[in-house]
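If you want the building blocks of each chain, they are given just below.
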Amino acid sequence: MLLGFLAGLGRAVLRACQEVGGLALFALEALSHLVRPPFHGRQFLRHFIEVAYFSLPVVALTALFTGMVLALQSYTGFARFNAQSAVASVVALSVTRELGPVLAGLMVAGRIGAAMAAELGTMRVTDQIDALTTLSTDPMKYLVAPRLLAATLALPLLVLVADIIGVMGGYLVGTAKLGFVSAAFLDSTWDVLETMDVVSGLVKAAVFGFVIALMGCWCGYRSRGGAQGVGMATTSAVVLASILILALDYVVTEAFFAQ
Amino acid sequence: MTLTVTLEGVCKSFAGKTVLEGVDIAVPASSSLVVLGGSGSGKSVMLKCILGLITPDAGRILIDGRDVAAMSRRERAALMDRIGMLFQNGALFDSLPVWENVCFKLLAQKRITRRGARDKAAEVLAQVGLAASVGDLSPAELSGGMQKWVALARAVAAAPDLLFFDEPTTGLDPIMGAVIDGLIVDCVQRLGATAISITHDMASARRIGQRAAMIYKGRIVWDGPAASLGQTGNAMVDQFARGEREGPISMELRR
Ligand SMILES: Nc1ncnc2c1ncn2[C@@H]1O[C@H](COP(=O)(O)OP(=O)(O)OP(=O)(O)O)[C@@H](O)[C@H]1O
Ligand SMILES: [Mg+2]
């Protein structure tokens, strides 16, 4: 029985290695198409607008409420230590370094990652991906590469907006409800923020964008088995992207701030 | 310049389920072959193997005398430029309007500009008997038969040398079907293309095929002139062609 268990475990590990290897090859091939012509600029533009522009409302609302809640929470917490004056810095730092990129990433994973997996999955099960090949078009180049690039470039833009709106949310609550003086709040925000805080957040965003598109494309591209298969691909794209976002968040933070 | 297609002992199985068990067939240049066979007998899989969309487990596929599996990426792309394929379900790109679908290959090869593509699409659509206004619709707005029709226009738009049709006339009304048959014959005779078609319709098989082959249990069990379908002397083929319930095929199934 123990032997059976070990054999099963071994098989699972081998399977996992195979999958990871497959994913790496998939990513490398897609990236290689970004430097080899012909390029599909029209496709890139379509996806860039989809990610950057049409995700704005969702991301902005998320950031706004996060900033507002953060101000409120940190105020009530810090009041116990008479440290209310730190509210502005806490909002600015947490939004730019952590919450902006992570929450925007998770929202976009739900929106864009799912859409990509569903679209590519449907194209796969209806033979549209095979049809591309017969029409002198490399599906990796036409479908996957533009999506990867679009998401990787669009997410930092989105997060920049999220940063601004998040801090603004904290400022609104701080001045309107918690009795901070407007100028003082802004001053301490500026004072505490360093370039590195914002930059690390934007780098995180680019990484998350890449991961979201990669998971969406990978799951969709290899889906099979009709509507059910597409549904499964969509679910796993969102779940995998979300988990990877949280895991990579730690990795990038470690890389930036662990001295 | 036309292409020959040769299959030598092509085998394919999916997860333990054998579909092709050694398919041998040779299609000479500028000829038209019809492939017959029951549902699920592996006809579509065979076409996808020839196109390189599915890798066969064993056997060789030669196009123009050259092994497809041994080709480099570039050679394969050059070969694809000369191939047209109609998928069984049409496989139109639903994110693109009909005119862009029809001219997709020409645009991909940069043989026309986007501006010229609309006119070209109207021309190709007219060739298969569709109005130019269809070009501005999206595939989802078309009926099933019309989608098939547009997919056919897309397959022939780039004037390929080698054509594959997976059930070109299923889902079409009889008159439409006859028009499509005529178009396929025209492609073979006028353009000198080589064509391999799959069909379940005997009348259409006799019209488009010079030769016919029947696939059964993963092998080609018969091939001969398409005109003789129905009185070939091969019990299996005749039963299939006449659509009779009694015969060697049903007995095999019952056992
Ligand atoms: N990707 C795949 N994965 C697993 N099995 C497959 C796959 N593609 C085809 N098959 C199996 O191969 C067999 C042959 O399929 P194929 O589509 O070639 O049939 P067909 O001859 O074209 O039938 P029809 O006339 O209904 O189109 C089927 O039993 C199918 O289950
Ligand atoms: Mg089929």
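These numbers come from a predicted model, not from an experiment.

For chain B, the count of helices and strands is 10 helices and 10 strands. Here the C-alpha radius of gyration of chain B, 18 Å, is about what a compact globule of 255 residues would show, namely 18 Å. Projected onto its principal axes, the C-alpha coordinates of chain B cover approximately 60 × 45 × 35 Å. For chain B, the proportion of its 255 residues judged to be buried stands at 53%. Looking at chain B alone, contacts between residues at least 24 apart form 63% of all its contacts between residues at least 6 apart. As displayed, chain B has an accessible area near 11200 Å², and 53% of this comes from carbon and sulfur atoms. Positive and negative charge centroids in chain B, built from 29 and 26 side chains respectively, lie 3 Å apart.

A word on the sheet that holds strand β4 (residues 58–63) of chain B. Residues and elements named next belong to chain B. Within the open sheet, the four strands sit side by side as β2-β1-β4-β5. Their pairing is antiparallel. The sheet is open, and its two edges are formed by β2 (17–27) and β5 (66–67), each paired on a single side. Bridge analysis of strand β1 (residues 5–14) against β4 gives five bridges, and the strand direction is antiparallel. Looking across to β4, one finds that T6 is bridged to L62.

Tetrahedral coordination by four donors sets the ideal angle at the metal to 109.5 degrees; octahedral coordination by six donors sets it to 90 or 180 degrees. Within the protein, the magnesium ion (ligand 2) binds to B:S44 (OG) and B:Q88 (OE1); these donor distances fall in the range 1.9 to 2.1 Å. Residue B:S44 is located in helix α1 (residues 43–51), and its partner B:Q88 is located in the loop between β6 (83–86) and α3 (98–102); the two are separated by 44 residues in the primary sequence.

Our focus in this paragraph is the pattern of salt bridges. Using the criterion set out here, one finds 22 salt bridges over all chains in the structure. Note that B:E100 and B:R114 form a salt bridge whose closest N and O atoms lie 3.1 Å from each other. Placement of B:E100 in helix α3 and of B:R114 in helix α5 (residues 114–127) is noted, with a sequence separation of 14 residues between them. The class of B:E100 is buried, set by a relative accessible area of 9%. Notably, a salt bridge pairs B:E123 with B:K120, separated by 3.8 Å at the nearest N-O pair. Of the two residues, B:E123 and B:K120 both sit in helix α5, three residues apart, roughly one turn of that helix. The class of B:E123 is partly exposed, set by a relative accessible area of 46%. Among the residues examined, B:K120 registers a relative accessible area of 23% and is labelled partly exposed. Each of the salt bridges in this network shares a partner with another, and the network as a whole consists of A:E29, A:D138 and B:R73.

A separate point is the site of ligand 1. Residue and element names in this part refer to chain B. Around ligand 1 sit 14 residues in total, of which K17, G40, K43, S44 and Q88 are the nearest. Between ligand 1 and the protein, one listed contact pairs an oxygen atom with a backbone N or O atom of S41 at 3.2 Å. Q88 is positioned such that a nitrogen or oxygen atom in its side chain is 2.7 Å from an oxygen atom of ligand 1. Taken together, the elements giving at least two residues each to the shell around ligand 1 come down to β2 and α1. A total of three residues in the shell around ligand 1 trace back to one element, the largest contributor, which is α1. Residues of the shell around ligand 1, tallied by class, amount to three nonpolar, eight polar and three charged.

Facing the 23 residues of chain B at the interface are 21 residues of chain A. Taking both partners together, chain B and chain A bury about 1700 Å²; carbon and sulfur atoms supply 55% of that area. The largest share of the area that chain B buries against chain A comes from B:R73, B:F93 and B:F104, three residues that together contribute 26% of it. Inspection of the region where chain B meets chain A yields three salt bridges. Measuring nitrogen to oxygen at the nearest pair gives 3.0 Å for the salt bridge that ties A:D127 to B:K48.

Moving on: helix α9 (residues 226–257) of chain A. Residue and element names in this part refer to chain A. The first and last C-alpha atoms of α9 sit 46 Å apart over 32 residues, in line with the 46 Å expected at 1.5 Å per residue. For α9, the set of buried residues is G229, V230, A233, T234, A237, A241, S242, I245, D249 and V252. Packing partners of the buried residues in α9 comprise α4 (87–125) and α8 (195–221).

Cis geometry marks the peptide bond from A:P37 to A:P38, where omega comes out at 0°. Mapped onto the fold, A:P38 is located in the loop between α1 (2–33) and α2 (41–53). Although it is not a glycine, B:D64 adopts a positive phi angle of roughly 60°. Its location among the elements puts B:D64 in the loop between β4 and β5. B:D64 sits in the partly exposed class, given a relative accessible area of 42%. The residue B:A91 is not glycine, and still its phi comes out positive at about 55°. Among the secondary structure elements, B:A91 is positioned in the loop between β6 and α3.

Thresholds, definitions, all that
- Residues numbered from 1 in each chain as written.
- Chains lettered and ligands numbered in written order.
- Predicted model: local features only at pLDDT ≥ 70, side-chain atom pairs only at ≥ 80, totals over all residues.
- Heavy atoms only, no water.
- Helix = DSSP H or I, 4+ residues; strand = E, 2+ residues; numbered from the N terminus.
- Rg over C-alpha atoms; globule rule 2.2 N^0.38 Å.
- Buried < 20%, exposed > 50% of the residue type's maximum accessible area, 1.4 Å probe, protein only.
- Contact = heavy atoms within 4.5 Å.
- Areas by Shrake-Rupley, 256 points an atom, 1.4 Å probe, with all protein chains shown as cover.
- Lys, Arg positive; Asp, Glu negative; His and termini not counted.
- Charge placed at Lys NZ, Arg CZ, Asp CG, Glu CD.
- Pairing = 2+ DSSP bridges.
- Donors = N, O, S within 2.8 Å, 3.2 Å for Na, K, Ca; no water.
- Salt bridge = Lys/Arg side-chain N within 4 Å of Asp/Glu carboxyl O.
- Near = heavy atom within 4 Å.
- Polar contact = N/O pair within 3.5 Å; in protein donor to acceptor, adjacent residues only side chain to side chain.
- Nonpolar A, V, L, I, M, F, W, Y, C, P; charged D, E, K, R; others polar.
- Buried area = accessible area lost by both parts, 1.4 Å probe.
- Expected span 1.5 Å × (residues − 1).

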